[in-house]
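Observations on the three-dimensional arrangement
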Amino acid sequence: PDGVFSYDCVIVSGDFCIENGINLHTDLFETIISNPSCFEMVMEVVQMFSRKQDLLYIAKLRLGVLSMLVYLGEHNMVYTAQLDQSAHSKSAKNVLMAIEYIRNHFTEKISIESVAKEIYISKYHLSRIFKELTTYSFPSYVNLLRCRYALKLIRAKQHTISEICTLSGFDSLSYFDKVFRSVFGILPSEVK
């Protein structure tokens, strides 16, 4: 209200993540996370950081950060790939690039052709390796991201269902209803 605010930034080293089995090169998290449980975990880490005199300070801080990362992995990870030295390594890198592009453009008109062109591979090859490595077809993955985004918008209660349909990247309200129901088991209008 007084126009003054503060913010805390939790920066976790890549080494810490890798030591604990979280590979930032292969694990993709949602870009924007609005989650009260995650917020509480971040605030706990921030408070722990300010209590440097506590007994076992470092251990508590590491545990708090690791708990936060595990929570994010369980609830907000979009995709993980195990990149190895085999022939799948290049395919996995291509799929990761495709996923990153999709995550940044899923609310727009997007096609497998446009994504394949962006990462310089054929749409047929992308379609095959995408399904093979993620278990999702290209359209079902895009629709999953759109539905998750729509759910967040519905819960924010700032837009009508019709507006949310458009903001989420769907062209038709009836198709939006159908896809949303297939993902969540209920219609968008039934979300409480």
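Above this text you will find the structure in question.
On a predicted model such as this, the values are computed, not experimentally measured, just so you know.

Within the sequence span of helix 5 (residues 112–119), burial applies to Ile112, Val115, Ala116 and Ile119. End-on view of helix 5: buried residues confined to an arc of 100°, all on one side of the axis. Tyrosine 120, located one to two residues past helix 5, shows a positive phi value of around 65°.

Further remarks concern the pattern of salt bridges. Opposite charge on two side chains lets them pair, provided their charged atoms get close. In total, this model carries four salt bridges according to the counting rule given. Between glutamate 19 and arginine 62 there is a salt bridge, with the nearest N and O atoms lying 3.4 Å from each other. Within this pair, whereas glutamate 19 is found in helix 1 (residues 14–19), its partner arginine 62 is found in helix 3 (residues 57–76), the two being separated by 43 residues in sequence. The class for glutamate 19 is exposed, based on a relative accessible area of 56%. We classify arginine 62 as partly exposed; its relative accessible area is 39%.

On to the nonpolar core, then. The biggest cluster of nonpolar side chains holds 19 residues, and the ones touching the most others in it are Ile102, Ile110, Val115, Leu126, Phe130, Phe138 and Tyr141. Mapped by element, the contributors of at least two residues to this core are helix 4 (88–105), helix 5, helix 6 (123–134) and helix 7 (138–156). Here this core takes five residues from helix 4, the largest share from any one element. If we skip the residues at most four places from it in the chain, phenylalanine 138 touches Ile102, Ile110, Ser111, Ile112, Val115 and Phe130. In this structure, Ile22, Leu61, Leu69 and Leu72 belong to the second largest nonpolar core, which totals 13 residues.

A word on helix 2 (residues 36–50). Every α-helix winds through 3.6 residues per turn, so residues three or four apart in the chain are directed the same way. An ideal rise of 1.5 Å per residue puts 21 Å on 15 residues; helix 2 measures up with 21 Å between its terminal C-alpha atoms. Within the sequence span of helix 2, burial applies to Cys38, Val45 and Met48. Axial view of helix 2: buried residues confined to an arc of 80°, hence all on one face. Residues Pro36, Phe39 and Ser50 are exposed on helix 2 and point more than 90 degrees away from its buried face. Where helix 2 is buried, its residues contact helix 3.

Reading the values: rules and limits
Residues numbered from 1 in each chain as written. Predicted model: local features only at pLDDT ≥ 70, side-chain atom pairs only at ≥ 80, totals over all residues. Heavy atoms only, no water. Buried < 20%, exposed > 50% of the residue type's maximum accessible area, 1.4 Å probe, protein only. Helix = DSSP H or I, 4+ residues; strand = E, 2+ residues; numbered from the N terminus. Arc of directions from axis to C-beta. Salt bridge = Lys/Arg side-chain N within 4 Å of Asp/Glu carboxyl O. Core = buried A, V, L, I, M, F, W, Y, C linked by side-chain atoms within 4.5 Å. Contact = heavy atoms within 4.5 Å. Expected span 1.5 Å × (residues − 1).

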